[in-house]
Each structure stands twice: as structure tokens, then as C-alpha cells.
2 protein chains.
Amino acid sequence: MEQPGEIKKVSMAVIKRLPKYYKYLGELMRKNVERVSSQELSKILGFTASQIRQDLNNFGEFGQQGYGYNVSQLYTEIAKILGITTNHKMVVIGAGNLGQALANYTGFSIHGFDIIGIFDKNPNLVGRKINDIPIYPVEDMEYFINKNNVDIAVLTVPRDETESIVNRLTNTAIRGIWNFTPVEINIEDRDIVVENVHLIDSLLTLSYRINESWLQERLLKQKRKDKPFGHGKNTTYMVK
Amino acid sequence: MEQPGEIKKVSMAVIKRLPKYYKYLGELMRKNVERVSSQELSKILGFTASQIRQDLNNFGEFGQQGYGYNVSQLYTEIAKILGITTNHKMVVIGAGNLGQALANYTGFSIHGFDIIGIFDKNPNLVGRKINDIPIYPVEDMEYFINKNNVDIAVLTVPRDETESIVNRLTNTAIRGIWNFTPVEINIEDRDIVVENVHLIDSLLTLSYRINESWLQERLLKQKRKDKPFGHGKNTTYMVK
DNA sequence: TAGATTGTTAATCGATTAACAATC
DNA sequence: TAGATTGTTAATCGATTAACAATC
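What you are looking at is a predicted structure, and each value in this text was computed from that prediction instead of being measured.

Section: the domain arrangement of chain A
Domain boundaries in chain A define domain 1 (12-81), domain 2 (88-197) and domain 3 (205-238). Using only C-alpha atoms to locate each centre, domain 1 of chain A and domain 2 of chain A end up separated by 32 Å.

Looking at the sheet that holds strand S1 (residues 35-36) of chain B
Residues and elements named next belong to chain B. With antiparallel pairing, three strands are arranged side by side in an open sheet as S1-S3-S2. Since the sheet does not close on itself, it has two edges, and those belong to S1 and strand S2 (63-64), each with one partner. Pairing geometry for S1 and strand S3 (residues 68-70), over two bridges, is antiparallel. Pairing of Val36 across the sheet is with Tyr69, part of S3. Contacts from helix H4 (residues 71-82) reach S1 and S3, with the element oriented near 75° to S3.

Quick word on the protein's contact with DNA strand D
Near DNA strand D, the surroundings consist of 26 residues, among which A:Ser38, A:Gln54, A:Gly63, B:Ser50 and B:Gln54 are the closest. In the environment of DNA strand D, a phosphate oxygen lies 3.1 Å from a nitrogen or oxygen atom belonging to the side chain of B:Arg17. In the environment of DNA strand D, a sugar or linking oxygen lies 3.2 Å from a nitrogen or oxygen atom belonging to the side chain of B:Gln64. For the surface near DNA strand D, the elements supplying multiple residues, two or more each, are helix H3 (49-56), strand S2 (63-64) and strand S3 (68-70) of chain A together with helix H1 (12-30) and helix H3 (49-56) of chain B. If one sorts the elements of the surface near DNA strand D by residue count, H3(B) sits on top with four residues. The residue inventory of the surface near DNA strand D, partitioned by class, reads four nonpolar, 17 polar and five charged.

Brief notes about the interface of chain B and chain A
Taken together, the 79 residues of chain B in the interface contact 77 residues of chain A. Surface buried jointly by chain B and chain A totals about 6,900 Å² across both partners, of which 63% is contributed by carbon and sulfur atoms. There are 11 salt bridges connecting chain B and chain A. Residue A:Glu184 pairs with B:Lys23 through a salt bridge whose shortest N-O separation is 4.0 Å. At the junction of chain B with chain A, the criterion picks out 26 residue pairs in polar contact (both at pLDDT 80 or more). Take the side of chain B that touches chain A: its biggest share by element is 23 residues, from helix H8 (residues 199-226) of chain B. Here the side of chain B that touches chain A is composed, by residue class, of 41 nonpolar, 18 polar and 20 charged.

Calculation rules
- Residues numbered from 1 in each chain as written.
- Chains lettered and ligands numbered in written order.
- Predicted model: local features only at pLDDT ≥ 70, side-chain atom pairs only at ≥ 80, totals over all residues.
- Heavy atoms only, no water.
- Domains from an automatic or database assignment.
- Pairing = 2+ DSSP bridges.
- Helix = DSSP H or I, 4+ residues; strand = E, 2+ residues; numbered from the N terminus.
- Contact = heavy atoms within 4.5 Å.
- Axes fitted to C-alpha atoms, helices over the stretch in contact; angles between N-to-C directions.
- Near = heavy atom within 4 Å.
- Polar contact = N/O pair within 3.5 Å; in protein donor to acceptor, adjacent residues only side chain to side chain.
- Nonpolar A, V, L, I, M, F, W, Y, C, P; charged D, E, K, R; others polar.
- Buried area = accessible area lost by both parts, 1.4 Å probe.
- Salt bridge = Lys/Arg side-chain N within 4 Å of Asp/Glu carboxyl O.

Written as C-alpha cells, this is what we have:
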């Protein structure tokens, strides 16, 4: 039973769908579509209309019976929910290939995420600029973050340097870490949120699914062998 | 009721945990640990021991009562399940910042993923090499993929070029697309698996969670206003 | 043998889908 | 008003956790 004042935690499944709503409503806006029903959203997004209404009702009552949702109003509400009505300042830690690629990417600023500094330990890189963003010595990281109210640290350092950088970040006013390192980051009970990208996991998942049909053939054969006709607790017609 | 010969579909939740098992078992191997129980795995991985046993039993019976799991044997089994006992050939499509960063990354080949070619439409890039991998004209893409038995296409082209490239890929023998573009790829009933990275979604999710405590304050106030003392169907003690 | 730990069934929990009264 | 569509409760489905017999 929920207590007065207690807040229903929004599930990660819902949170992960929010960017999809946001993205598609943005498209509708650009097409000057004024209103949309959960039914219509359902067709494009592939979620059920019921789920869409449930999802949105976690955050408020944005629709109107018999009408549906006003596109631009809903778009704005979801932007608020995602926290992107104000700009976010980011720094990239690690000016390697990936760090440079992210610094060069222009797609973040459209949504109000501005990279204002890059940090690296390599003195040959310090002083240079990537996409007009200066590279600073990593020693200055904490000072820079606190002074400039940086919200998000984009972590693209090598595996071995991750732990020490994360420890240093916990002593700053940073709010979130966008982690591109393969390291599992654990920050105990502090106000810093970590979002892992884990590219290798993503690639392995792809590999699994490419491999899946072959795998299931193999599993099937194995089980047939384990539980042949009439033996075992399952009958022939129950090969699981 | 399952039919004979029918295969239980492994849920995405399980699949997404497989790389974690694989990664941690690799660590244990390097530490020369010989055996491990689901209990011990549970402590490190943060999944319950019960869940770990359930997950593994989707694919076979790899443990032994009273003993646990043999680390290197389980590692090998999971490698088989993930389909990484044989090498995978990859091509990068789009030699922009991200494409170049991925081509330069050395972490993929450790797991048997080899990038053997890069494709771009820019004639100034064609003929150059990134990390010893040649850049070819994108016209040659289909021929190259089929001739060299390429398994995976890493897609890092601009948004507008995605659709046409994907259409062309469906006419090749490619098995999987690792999609770094912001476009939602839909390939109807063909043998090609798509794994989306969608960095913007990941960043927006981070933003949501940074914003969450503020958001919940706001939601709470709103609900208090909507359903004041003694009014509405909920009592004061039922503020949801 | 006794202790440990699996594989697996059953119970629980949470998320999705269905249904429908409320109402624009 | 009649038709449409929401917000929300109830039903269903699926995933996680608990429990325990089997057995190393």
C-alpha cells in the first residue's frame, strides 16, 4: 500500500520508451499535424494504444476524451519530463577516437546538450580544439566542472583509467555520467546517475541473434536425445 | 501448450544478460578461478542466484549439484551461445567521425569481430586507410560483402542516406546490421537482424534520470492539488 | 556419508493488454 | 446529440524469485 506523499516509481521500461515518443512527436510537429490519438501513435510506434495511454498517465493527463492528444502540447510535456527544456552542459573525458567523434557530432546540441570542454592527459592534445571545443589538461577537470556547472561527463577514457576518473568525478557537482568505457561503474548512494552504453554488449547481442536459428537447432537435437520416445518424465508429445 | 519440436523463445531480458555472464566469466578465467556457484556469481553480477540458474538452463545443463559451474567450461558454452567461437567479418558503412572511431577501436577483434573494409561515397576518402583498413567506394559495397562473406554491417551514415543503404544491404548476404544512425530500421521478414545503438535515446534517458527527483516533486504537488483533503475518490491517505 | 548446490516447479511480482465508464 | 477517445480498473501474460527434491 502506498503511503501519502509516496511516489510511484516509473519503471525503466517506460523511461526507455519516452525518447521514442519524443522523437516521433517531433516528426509530427514538423509535418504540422495538430492532434494525434493513442491509436494512431500505436500504428507507427508499434506499442499498443493501451500501453501508450498507460505510459503517459504516469506523468499526467495530457489528452482529451474524444479528441486525443495535442501534438505540440504533448511534445512539450515530454520534453519537460525528459528534462530537456533547459540546456545541459557536457564535458568529454578522453580525447581518443571515440571522444573526438562525439565532440564532432552535431546531433546533441539540437536537443540542448552542449559540449563545452574536452579533457585529456596527453600534452600533445591539450591546447588543440575539436569542433571548436578546447582540449584541457585532465588535472583541471574538477575545477572546470564545478566552475561551469557542467551536468554530464561523457566518459571515453581507456578501461584502466576509468576507476580513478570516476572517483574524481564523485567529488564534483556532476549530475550524470554517460559511460562509453567497458567498465561497470558503481557509485554507491550518491546523486550521480550513470548511463552505460557498453558497445561490446550490444555487438554480442547482435551476434547472439545472428546465431540464434543455428543455436535452436542444436538445442532441439540435444533435447530430443535427452528425452527419447517414451522415456523420461515427459512423453513424446511434451518435448520441451 | 508447446508442440513437439517447438522451441521456447529465449526472452530479450535473458539475451541482454548473456554478455555480462561472458564478461565476468572471462575475468574469473584470467584469475585462474576453477569453479563458481550461482551464489557467487550473484554477488558480483547483482542478479539473484535463482535467476542465473534459470537463465543458464535456457541453453543446457552446465552445472553440477554440490559443485557449481566449471568456469572455463561455462565460459566456452556461453561463447558458443553468443556465436563467437568463429570469427565475424564486419564492414563499416560511412567513414565519418564515428565510423573512423569504430574502425580504430581495437576492442572488437579480441572477441573475433574483424573489420575488413570501410565504405564511403566521398572520393577524397576512398583509397585511404583507417587503422590499416582500406576505404572503398560505396558502389562496391554489395559486391564486397558477398564476395568476402561479410556477416555484419556497421552503419554510421548520415540520417538521410540510411534508408537507401539499408535497401541495398537487403540484397546482400549480410546477416546483421549494427545501426548507429538515429533512424528506426524496419526490415520485413528477412534474415537480417538489426541491433540499434540509438545514442540520442541513451542520452535522453540519462537526462530523464538526472531530472527525475525534480520531476517527482512536481508530480506530487500536482496530485495533491488535484485530490485535496477528503475530496475525490481517494482519501487523504490514498494519494497515489 | 553430510554438505553443497544444481535444475526445476511453484509462487510472486510487475508489466502489458483488454475493457469500459467518463466525457469531450 | 452521437461518435470518438481518453483515463483507469481489471485481467492476462511474462519474468523474477522462492523453494526444494535430486544428486554430486
